[in-house]
Amino acid sequence: MRSNIEKDVEQCQHDIRHSYSTQQVVHVPSCFKRFRVALCTAMRRGELLNATWQDIDFLNMTIDVAPKKETQHTWEWHIKDTDRRTLPLTPEVVKLLAEHQDKQPTGCPYVFVPADRYDYIQAQREAGKWRLEHGLCPVNNFTRRFQSVLALAGIESREFHDLRRTCLSQWLADGLREFDVMNLAGHACFETTRTFYLSVRRDLIDRARVVSERSEERRFVARLLRAPSECHSMEKAPIDKSLEAFDLHQRARQDLNLQPSDSKSATLSN
């Protein structure tokens, strides 16, 4: 499921733009900007929504995940020390963010908090009604809107966090070291990153098995094609019975034969 998230985002954007009127989708582009940045950086929802323009280094193509102080223009937002990090941006995402910034009104420091929502929050702060926990997800009805966008494009219900999982899994699949991914993800515990690694490794093994099976089938067909043409009856492929004695379906590894792949991974928590 995770490997198809990025394709789903592209399909979602295409379907909505071509199936609905301009009035209906006027709010959608900002959603796709969040999708793209999340897929590129593996940022959590709260990290994304509390990002300010000051966090983005357009020249070096990076974005910082950093806590925010209580100021006239920003609300207090805390993160753990391990969550403070600098993440890479692709040229495509940098261009997308630059275009987004050009369309934003002055005086709104947050990248993904709409101007009208920011004005409302500022009024709440002045009235003393804004609380620290409100900053965890400053955009109201975020999950409902996310699901609505997916529904418009006919995509099954998913979590916004799946975008983060997709990015982390892709980093590992493309060869980044586990320790580097742990730092980029802001994981406090190595076992959390290990869970993604084991998941990618299992997927790699499964895909390799499918490729091997297809390769065997092609070799068998090639042997048939090279068979004498006068052979009118096609015999069934010989069944290899050499493995039957091992009772593979009942066979389990013994404690004295533990392999690295036997280590248990921690439950995914973030």
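Worth saying up front: this structure is predicted, and the values here are computed from it rather than measured.

(A) Representation of the pairing of strand β3 (residues 85-88) in the model. Alternating residues of β3 divide into Arg-85 and Leu-87, all buried, and Thr-86 and Pro-88, none buried. Summarising the sheet, strand β2 (residues 62-65) and β3 pair through four bridges and their orientation is antiparallel. Following the sheet pairing, Ile-63 is matched in β3 by Leu-87.

(B) A look at the pairing of β2. As defined by bridge partners, strand β1 (residues 56-57) adjoins β2 across two bridges and the pair is classed as antiparallel. Residue pairing across strands places Asp-57 opposite Thr-62, the latter belonging to β2. Between β1 and the antiparallel strand that follows it, β2, lie four residues; Met-61 among them carries a positive phi value of about 55°.

(C) Structural view of the pattern of salt bridges. Counting across every chain of the model gives eight salt bridges. Across the pair Asp-180 and Arg-177 runs a salt bridge, and its minimum N-O distance is 3.0 Å. For Arg-177, a relative accessible area of 55% gives the class exposed. It is possible to trace a salt-bridge network through shared partners that takes in Arg-44, Glu-47, Asp-83 and Arg-85.

Thresholds applied
- Residues numbered from 1 in each chain as written.
- Predicted model: local features only at pLDDT ≥ 70, side-chain atom pairs only at ≥ 80, totals over all residues.
- Heavy atoms only, no water.
- Buried < 20%, exposed > 50% of the residue type's maximum accessible area, 1.4 Å probe, protein only.
- Helix = DSSP H or I, 4+ residues; strand = E, 2+ residues; numbered from the N terminus.
- Pairing = 2+ DSSP bridges.
- Salt bridge = Lys/Arg side-chain N within 4 Å of Asp/Glu carboxyl O.

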